[in-house]
Each structure stands twice: as structure tokens, then as C-alpha cells.
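Examination of the molecular architecture
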Amino acid sequence: MKNAIIVVLVVVIGALGALLFTQNLGKNSEPSTPVNENSNSALDLSGKGLVEVPKNILDDNSAISLDVSNNNLTGALPAEIRKLTNLETLNAANNKMTGIPAEIGQLSKLRIANFANNNISGLPLEIGNLKNLETLDLRGNPNVSKFDISQIQPKIPNTKILID
């Protein structure tokens, strides 16, 4: 009798485990935000109506390009942007952003940063750490701090900083 009870329990537990596994598999089979899983990927989230950058995007350290332009992003990009260690191009133009996170200064491979047409005012001095930065586009940010630019520009003299 004990053996029969044990067999029934094992079967029931196995069936429940299989059911939970297939339910979780269904939930996880489609990422909440499409991600190009190729090595050295380009992450294009432009024009998606986003109000924040999905956290899973900021874990893709193979990304060389991130486009979050033409959304409804406010504030600044999350500090976790620093995890995108291979990022070369960042396009955050045409949002409602008011700042740039200091952690952007940790993206040593960044060559192009486009923050045009936002509401950015203050700039983190850490931008001056970006020795490979070729272009920083700040056009269309009417309140951008000229003082901050004057502090950053000497640290990255080969960078074109575009302002109105």
C-alpha cells in the first residue's frame, strides 16, 4: 500500500512539474521587447511610444548600437546604461529627456551620442571621459548649459559638440 501511495505522489508531482514548466516556457519564449540576439547587435526601439527603456535591453553588453529615438522618454536614461560596454552609437533624439546620466562616461567605445530635440539642460562632466566620442548632438535643447559644455569640451577636443 505504501508503494502505491508513493507511486501516485511521484506521478502527481511529475505532472505538476511538467505543467508548471510548460507554462513558464510559454511566458519566457517571447521577450517583452524584441532584441536582436546577434553578437554586436543593433537595438532599435525607435518610435515605440516608450516612456522608459526596458531593463532587459540594458543587459545586452554585445550591443554596439542603441536607438531609443522618437519615444516619450523623460528624465535621463537609466544608470544601467553603463552595462552596454560595447556601445558605439546611442540615439536618444526626439524625446522629452531632461538629463544625461553620469554613467554615460563609462561607455569608453561610444563614438556618436545623439540627444537632439529633448529638454536637456545640465550635462554630466563625465562626458569628458569619452575619448572616442566623435559627435555629441545637443541641437534642439534650448536650455543646454553652455557652462557645462565649456567644461567638457577641453577634455574631448576632437569631439564635435553640436548645439543651436
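As shown above, the structure is provided for reference.
This write-up is about the structure you can find in this document. (Residues numbered from 1 in each chain as written. Predicted model: local features only at pLDDT ≥ 70, side-chain atom pairs only at ≥ 80, totals over all residues. Heavy atoms only, no water.)

**Here's the deal with the overall build of the chain**
Test applied: Every helix listed is a DSSP run of H or I at least four residues long, and every strand listed is a run of E at least two residues long, numbered separately from the N terminus. Exposure is judged per residue with a 1.4 Å probe applied to protein chains only, and the accessible area is read against the type maximum: over 50% gives exposed, under 20% gives buried, and values in between give partly exposed. Contact between two residues is taken to exist if any of their heavy atoms lie within 4.5 Å; hydrogens are not considered. Accessible surface area values rest on a Shrake-Rupley calculation with a 1.4 Å probe, where residue burial reflects the displayed protein chains alone.
Counting secondary structure elements, the chain contains two helices and eight strands. In sequence order, the secondary structure elements of the chain are arranged as α-β-β-β-β-β-β-β-α-β. Within the chain, the fraction of its 164 residues that count as buried is 37%. If you take every contact in the chain between residues at least 6 apart in sequence, the share linking residues at least 24 apart comes to 37%. Of the roughly 9,400 Å² that the chain leaves accessible, carbon and sulfur atoms contribute 55%.

**Regarding the sheet that holds strand S2 (residues 65-67)**
Through backbone hydrogen bonds, the strands of a sheet pair up, either in parallel or in antiparallel fashion. Our working definition: A strand pair is defined by DSSP finding two or more bridges across the two strands. Each axis is a line fitted through C-alpha atoms, and for a helix only the stretch in contact is used; angles between axes span 0 to 180 degrees, taken between their N-to-C directions.
With parallel pairing, the six strands of this open sheet are ordered in space as S1-S2-S4-S6-S7-S8. Edge strands, defined here as strands with exactly one partner in the open sheet, are strand S1 (42-44) and strand S8 (160-162). Mean inter-strand twist for the sheet, computed between neighbouring axes without regard to direction, equals 5°. Alignment of strand S4 (residues 89-91) against strand S6 (residues 112-114), held across three bridges, turns out to be parallel. Residue Asn91 lies in a different strand from S6, and its bridge partner there is Asn114.

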